[in-house]
Amino acid sequence: MSTPFGPDSPGPRFDEPSASTPTAPRDTAPPTPGVIAPELGTVEAAVRATPRTKSATGRGFAERGGLAAAGTGPRLSGLVGGLRESTASLRERAGRVRTAVVERVGGRHDEDPLAAGTPSEAVTLGGDDGRGGERRVGRDGQGGRDGRRKRQRDDIMVPPMEFTSYYGHNIVKPAPWKAEIPAYLYLGGLAAGSALVAAGGEMTGRHELQRNSRLIALAALGGSTVALVSDLGKPSRFLNMMRTVKLTSPMSVGSWILAGFGAFTGVAATSEVMRYVVPADVPGQWFWPIGDRLASLGAGALSAPLAAYTAVLLADTATPTWHASYRQLPFVFVGSALAAAGGAAIAVTDPAECAPARRMAVGGALLDLGAFQIMEGRLGLLGEPLHAGRPGTVLKAAKALTVMGAVLAPFSARSRVAGALAGAALNAGSACTRFGVFEAGMESARDPKYTVVPQRERLERRLAQTPEERAADSAQTRVAHHTGLIVSPH
């Protein structure tokens with residue numbers, strides 16, 4: 001069987017010389033450098049023989065055209081012609097697309113965002129535009145092809161803004177706190193205010209007021225500790241916060257305030273119980289009045305920081321409403337704590353010894369209502385969660401209960417019933433204040449509007465500042481962050 005290139009095949013034979021065109025002899029002289037053909041001479045001569053134009057692009061086309069006319073590049077001449085036809089076709093398609101865009105957005109040709117004027121309104125500047133044509137400008141003096149300028153309208157390119165979050169997630173993650181935290185806030189404030197009432201009763205000789213307030217403070221402190229540990233999950237986590245002291249951390253400072261307050265309050269309550277248990281002739285009985293006074297003063301000294309630190313703890317988070325109310329929220333919480341402690345004291349104590357408690361209840365209620373009113377006025381947009389939905393309902397109830405308790409408190413001097421009603425109303429109003437503020441902050445974290453709009457407003461105010469004002473504001477913010485004395489809203 002023969003193969004395609006076997007002996008009997010008509011194909012080429014590898015052992016025979018090829019029948020192709022013979023090559024040029026080796027002794028033929030090499031071509032002269034720069035010479036295209038004998039009849040044209042060198043490339044420089046051909047270029048000098050072609051006409052010249054003003055632009056570099058036109059000159060290149062003319063040179064290529066001259067060479068093609070001489071018979072050296074018919075294919076190059078066809079390529080140049082094809083490029084010109086393609087360019088014209090692209091320009092025509094761009095014009096159709098521009099017209100379709102204008103009609104799509106509902107505008108007319110004279111409202112074309114890319115057009116500054118018609119060719120009849122253009123002005124010739126002279127010279128060429130790099131394509132062999134004249135350069136023109138439109139009505140606005142901007143250069144462009146056929147009197148057009150490249151300008152776009154914001155209402156076409158920027159869609160209407162909608163407050164949506166990334167893939168349905170919140171911009172600011174809400175705090176992972178439950179009802180235990182507002183309960184801790186209320187009970188901690190009640191314990192702090194009651195310790196202050198007990199200190200005043202001890203120093204003025206009102207023993208019943210002192211005893212009742214100390215026991216109320218101990219019970220409230222125990223309830224707040226249970227609520228806090230329930231939120232943390234296990235007691236060891238609270239003990240872990242006692243391992244370090246960080247003055248710029250409200251959580252760390254608050255943990256130490258709570259621990260110190262608990263120690264003084266426990267000693268004061270134990271001293272109160274020992275009066276009825278330990279006999280009078282026990283050795284060391286003389287030391288009891290001194291220890292009792294020191295415990296009372298220590299608990300009273302830490303009562304105000306304990307009532308205020310919880311507000312600082314909320315304001316130090318990224319929750320918009322809490323963070324923006326950092327100036328007024330401590331006054332709201334302190335006033336609420338004083339009103340609750342005063343109300344609890346007048347509800348369980350003889351009216352003859354409750355004059356300081358009544359005054360403190362009324363003063364705390366006024367401080368609570370006044371500071372809250374100022375806070376609502378200064379929050380602006382971030383104050384909306386305080387009025388809408390469930391938080392708004394709870395805070396309205398808190399105001400009504402606080403006002404009612406403050407009105408009934410003076411009548412408790414003559415009636416124990418009025419005292420009991422005033423105490424219940426003031427404590428219910430204090431609890432509603434803590435729960436309402438807590439829920440309002442959570443709502444502001446869930447809605448991205450309360451994060452985006454204030455940020456844009458702060459940016460606009462900063463851009464409107466002079467360089468001197470901007471530098472002063474930045475320096476103040478840096479000092480606040482380094483010292484930890486205030487919480488900056490920026």
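Our structure is the block above this text.
Residues numbered from 1 in each chain as written. Predicted model: local features only at pLDDT ≥ 70, side-chain atom pairs only at ≥ 80, totals over all residues. Heavy atoms only, no water.

Participant: So what about the overall build of the protein chain? Which residues, and what values?
Facilitator: Per the secondary structure count, the protein chain includes 16 helices and four strands. Across the 490 residues of the protein chain, 36% fall into the buried class. Of the contacts made within the protein chain by residues no fewer than 6 positions apart, 67% connect residues no fewer than 24 positions apart. Carbon and sulfur atoms make up 60% of the accessible area of the protein chain, which totals about 29200 Å². (Helix = DSSP H or I, 4+ residues; strand = E, 2+ residues; numbered from the N terminus. Buried < 20%, exposed > 50% of the residue type's maximum accessible area, 1.4 Å probe, protein only. Contact = heavy atoms within 4.5 Å. Areas by Shrake-Rupley, 256 points an atom, 1.4 Å probe, with all protein chains shown as cover.)

Participant: Kindly report on a nonpolar patch on the surface, identifying the contributing residues and their values.
Facilitator: Residues Leu215, Val273, Tyr276 and Val277 make up a contiguous nonpolar surface patch of about 410 Å² in total accessible area. With three residues, helix α8 (residues 250–277) is the single largest residue contributor to the nonpolar patch. (Patch = residues over 30% accessible without salt bridge, like charges linked within 9 Å, V, L, I, M, F, W, Y side chains within 5 Å. Salt bridge = Lys/Arg side-chain N within 4 Å of Asp/Glu carboxyl O.)

Participant: Describe in detail the packing of helix α11 (residues 329–348) against helix α12 (residues 355–379), supporting the description with residues and values.
Facilitator: The geometry of α11 relative to α12 is characterised by a closest axis approach of 7 Å and an angle of 155° between their N-to-C directions. Taken together, the axes of α11 and α12 are roughly antiparallel relative to one another. As for the relative orientation of α11 and α12, their crossing is left-handed in sense. Seen from α11, the contacting residues are Leu329, Phe331, Val332, Gly335, Ser336, Leu338, Ala339, Ala341, Gly342, Gly343, Ala345 and Ile346; seen from α12, they are Ala357, Arg358, Met360, Ala361, Gly364, Ala365, Leu367, Asp368, Ala371, Phe372 and Met375. Of the residues in the contact of α11 with α12, the class split is 16 nonpolar, five polar and two charged. (Axes fitted to C-alpha atoms, helices over the stretch in contact; angles between N-to-C directions. Parallel < 35°, antiparallel > 145°, perpendicular 65-115°, else oblique. Left-handed = near helix turned anticlockwise from the far one by under 90°. Nonpolar A, V, L, I, M, F, W, Y, C, P; charged D, E, K, R; others polar.)

Participant: Got a sec to walk through the pattern of salt bridges? Specific residues and values, please.
Facilitator: In total, this model carries six salt bridges according to the counting rule given. Close ionic contact of Asp292 with Arg214 constitutes a salt bridge, the shortest N to O distance being 2.5 Å. One end of the pair, Asp292, is in helix α9 (residues 287–315); the other, Arg214, is in helix α6 (residues 207–232), and 78 residues separate them in sequence. A relative accessible area of 3% places Asp292 in the buried class. With a closest N to O distance of 3.1 Å, Lys399 and Glu376 form a salt bridge. Separated by 23 residues along the polypeptide, Lys399 in helix α13 (residues 389–408) and Glu376 in helix α12 bring together distant segments of the chain. Glu376 gets classed as buried once you look at its relative accessible area, which sits at 12%.

Participant: An account of the nonpolar core is requested, with residue identities and associated values reported.
Facilitator: By size, the foremost hydrophobic cluster in this structure holds 59 residues, and its most contacted members are Trp322 and Phe333. Where this core is concerned, the elements lending two or more residues are α5 (180–204), α6, α8, α9, α11, α12 and α14 (416–446). Apart from the residues lying within four places of it in its own chain, the contact partners of Phe333 are Leu185, Ala307, Thr310, Ala311, Leu314, Arg434 and Val437. In this structure, Ala339, Ala361, Ala365 and Ala406 belong to the second largest nonpolar core, which totals five residues. (Core = buried A, V, L, I, M, F, W, Y, C linked by side-chain atoms within 4.5 Å.)

Participant: Which residues make up the environment of Ala324, and what are the values?
Facilitator: Summarising the element assignment, Ala324 is placed in helix α10 (residues 320–324). Put simply, Ala324 and Leu382 are 58 residues apart on the chain and 7.5 Å apart in space, counted from C-alpha to C-alpha. Setting aside its immediate chain neighbours within four residues, Ala324 contacts Leu379 and Leu382.

Participant: Tell me about the side chain of Thr321, residues and numbers included.
Facilitator: With respect to the element layout, Thr321 can be found in helix α10. Here Thr321 is in contact with Leu379, Leu382, Pro385, Leu386, Ala440, Gly441 and Ser444, once residues within four sequence places are set aside.

Participant: Describe in detail the packing of α5 against α6, supporting the description with residues and values.
Facilitator: The packing of two helices is summarised by the inter-axis angle and the distance between the axes. As a packed pair, α5 and α6 sit with axes 7 Å apart at the nearest point and diverge in direction by 160°. Judged by the angle between their axes, α5 and α6 are roughly antiparallel. Every pair of crossing elements has a handedness; the one defined by α5 and α6 is left-handed. Here the contact of α5 with α6 is composed, by residue class, of 15 nonpolar, eight polar and four charged.

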